[in-house]
Amino acid sequence: MQKSFSPIVECDAIDCAYNKNRQCHTHAITVGDEEPCCDTFYCARHKGGIQDVIGGVGACKVEDCVYNKSLECTAKSIHIVMNMGHPDCGTYKKVQS
Ligand code: SF4
Ligand code: SF4
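Residues numbered from 1 in each chain as written. Chains lettered and ligands numbered in written order. Predicted model: local features only at pLDDT ≥ 70, side-chain atom pairs only at ≥ 80, totals over all residues. Heavy atoms only, no water.

Draft legend 1. How the structure looks around the site of ligand 1. Around ligand 1 sit 13 residues, and of these C11, C16, N19, C24 and C38 come closest. For the shell around ligand 1, the class distribution of residues is 11 nonpolar, two polar and no charged. (Near = heavy atom within 4 Å. Nonpolar A, V, L, I, M, F, W, Y, C, P; charged D, E, K, R; others polar.)

Rendered as structure tokens:
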């Protein structure tokens, strides 16, 4: 059975065009690559996205996260947090070597 996207339960990047009330409203984001940043973050003059949609992780390039399998996210859900001025996946957990 096809697994659905890992949903983004909260996003602190309130300046992002897809963010309304700390919810992401685009279908799928891309995370990474070297850092677990939200690559879909975009500042625009107007808000975008689709109000009825709650975003999920479409693809993740952060291979050293325990939740990353074949460049896809397997976490039940994720949070996006602000880190040094940019949005990062707060659910990222580094694989222990
Ligand atoms: S998860 Fe990414 S695209 Fe969605 S609102 Fe947050 S920063 Fe924007
Ligand atoms: S939890 Fe890990 S695999 Fe999932 S989006 Fe965040 S960094 Fe990528």
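Draft legend 2. Up close: unusual backbone geometry. One non-glycine residue, S70, adopts positive backbone phi at about 55°. The topology assignment puts S70 in the loop between β6 (68–69) and β7 (72–73). (Helix = DSSP H or I, 4+ residues; strand = E, 2+ residues; numbered from the N terminus.)

Draft legend 3. How the structure looks around the pairing of strand β9 (residues 86–89). Looking at chain direction, strand β8 (residues 78–83) and β9 are connected through four bridges and run antiparallel. Bridging across to β9, V81 finds its partner in D88. Between β8 and β9, which pair antiparallel and follow one another directly, the connecting turn spans two residues, one of which, M84, has a positive phi of 50°. (Pairing = 2+ DSSP bridges.)

Draft legend 4. View of the pattern of salt bridges. All chains considered together, the criterion is met by three salt bridges. Two residues, D12 and R22, come together in a salt bridge whose shortest N-O distance is 3.2 Å. Of the two residues, D12 is situated in the loop between β1 (6–11) and β2 (19–20) and R22 in the loop between β2 and β3 (23–24); the sequence distance between them amounts to 10 residues. Its relative accessible area of 36% is what places R22 among the partly exposed residues. (Salt bridge = Lys/Arg side-chain N within 4 Å of Asp/Glu carboxyl O. Buried < 20%, exposed > 50% of the residue type's maximum accessible area, 1.4 Å probe, protein only.)

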